[in-house]
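Each chain, written out:
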Amino acid sequence: MQDEAIRKERGQRANARQDPRLDWWREAKFGMFIHWGLYAIPAGEWNGQKIPGIGEWIMYRARIPVAEYEPLAKQFNPVKFNAAEWVSLAKKAGQKYLVITSKHHDGFCMYKSDLTDYNIVDATPFGRDPLKELAVECQKQGLKLGFYYSQTQDWHHPDGDGNDWDYDEAQKDFAGYIENYVKPQVRELLTNYGPIAIIWFDTPKGITVEQSQALLDLCRELQPDCLVCGRLGNTLGDYASAGDNKIPQMAVEADWETPATINDTWGFKTDDHNWKSPPELIHKLVDIVSKGGNYLLNVGPTAEGIIPQPSVERLLAIGDWLKVNGEAVYGTKPGPIQGLAWCRSTARPGKVYLHIFDWPQGGEIKLSGPQATGAYLLSDASRTPLPIKSQSGKVIIKGPSEAPDAINTVIVLTLD
Ligand code: H79
């Protein structure tokens, strides 16, 4: 089924649906996205002006010339960055993979590249390679690591897409940029950092089928197990990518992922305080998983290297909920009950998990539902059976009169 939240060109390659290379990713359901770069310094403000929109787009939105943006690198010294803490936070949140910006649209490389000096090791006083430090920690703590890489837009490279205020679009050699810059950089990323679980390309725009295919081939040659996100373009990715913050209306018959923000920006912005609440975030995670997707939830660290405290608190709240209810999330498939406002369902062989967002008054749960033989609360370690009866195609479960979990109570239905 095609949902408008998942555009075709960002879809899943037809023969990837059964590919066992994705098995870990199908289990994982929840990942941490990290948008970190020079844009964390202006943090939404340029020359005393508040620049509207997402923080990592400030160079574009304010049409900042390369000559003025580039010197930000000399100020970038995120000495509070601690790879072990970031990885440990992701683990506490219940996230199973981490994807970090290696190069966003602004073109600044957050890793040591030999293709340009415009990188964190050569151009900043910091002089460290955070991707290397994260790779070490991910190995140590057992988290899968992925790299975001902007393959089409590059507002710093004269031949990259997007910057028409410094460079003449008509003079650009985009094919040369892919060949002589993007490919060698992808080679660096898939050679110098150990096993990479995902390459997260973004905004394919006008990239041709041949160019997308060549990048896919290169990834396969270097790390055959590395998954390639659907934003490679031209429906060649290993899994489909929904639009930013977009959740399909119904279950989707594909492997797919929603990348999403906790507030409204990806890259850090001082003034964005529009944080989604923990219940909202837990509901989004479960909504996505109930429709067969993964949730890649973003944090935008500051220029000092700190993950904002409101993000930390929310991630820990999600992790607390998952500690009790993870069985109803990880490794599940969409459940048989779909399309209700107050309830979602996930399933695994022999079990259906009802996620009750709005607990009914009196605690009687009535569904047109599966023929279940038993029911219990997932949070109840002793699995005390809840009274259950089937009546003319309906299943009626008698739960406690008050919601056991104010955010989302999970009831396990056992099937024959
Ligand atoms: O990396 C994050 C975003 O920066 C990136 N995708 C996620 C994962 C992204 N690239 N493009 N877009 C999102 C679409 C951006 C559209 C907008 Fe704008 C940028 C709306 C406002 C700023 C450019 C300027 C288009 C309209 C105004």
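Residues numbered from 1 in each chain as written. Predicted model: local features only at pLDDT ≥ 70, side-chain atom pairs only at ≥ 80, totals over all residues. Heavy atoms only, no water.

A. Main features of the nonpolar core. Membership of the largest hydrophobic core comes to 95 residues, with the highest contact counts inside it found for Tyr69, Leu98, Ile100, Phe147, Val186, Phe201 and Leu297. Apart from the residues within four sequence positions on either side, Tyr69 is in contact with Leu38, Tyr39, Ile58, Met59, Ile64, Asp106 and Tyr118. Core analysis: the second largest hydrophobic core is formed by 17 residues, Ala347, Val352, Ile365 and Ala375 among them. (Core = buried A, V, L, I, M, F, W, Y, C linked by side-chain atoms within 4.5 Å. Buried < 20%, exposed > 50% of the residue type's maximum accessible area, 1.4 Å probe, protein only. Contact = heavy atoms within 4.5 Å.)

B. Region of interest: the site of the ligand. By nearness alone, 14 residues border the ligand, and His35, Glu56, His104, Asp202 and Asp244 come closest of all. Within the contact set of the ligand, a nitrogen atom lies 2.8 Å away from a side-chain nitrogen or oxygen of Asp202. Looking at the shell around the ligand residue by residue, the classes come out as five nonpolar, four polar and five charged. (Near = heavy atom within 4 Å. Polar contact = N/O pair within 3.5 Å; in protein donor to acceptor, adjacent residues only side chain to side chain. Nonpolar A, V, L, I, M, F, W, Y, C, P; charged D, E, K, R; others polar.)

C. Representation of the sheet that holds strand S12 (residues 343-348). The antiparallel open sheet is built from five strands, whose spatial order is S11-S12-S13-S18-S15. Among the strands making up the open sheet, the edge pair consists of strand S11 (333-334) and strand S15 (372-377). Taken together, the five bridges between S15 and strand S18 (residues 409-415) define a ladder with antiparallel strand orientation. Each residue of the ladder has a partner; that of Ala375, found in S18, is Leu413. Strands S11, S12 and strand S13 (351-356) of the sheet are contacted by helix H9 (residues 278-290), whose axis makes an angle of about 50° with S12. (Pairing = 2+ DSSP bridges. Helix = DSSP H or I, 4+ residues; strand = E, 2+ residues; numbered from the N terminus. Axes fitted to C-alpha atoms, helices over the stretch in contact; angles between N-to-C directions.)

D. The pairing of strand S5 (residues 144-149), seen in detail. Within S5, five of the six residues are buried, which leaves the element mostly enclosed by the surrounding structure. Sheet analysis places strand S4 (residues 97-103) next to S5, joined by six bridges and oriented parallel. Its bridge partner being in S5, Ile100 is matched across the sheet by Phe147. The β-α-β motif built from S5, the intervening helix H7 (residues 174-189) and the parallel element strand S6 (residues 198-201) has right-handed crossover chirality. (Right-handed = clockwise from strand over helix to strand, strands pointing away.)

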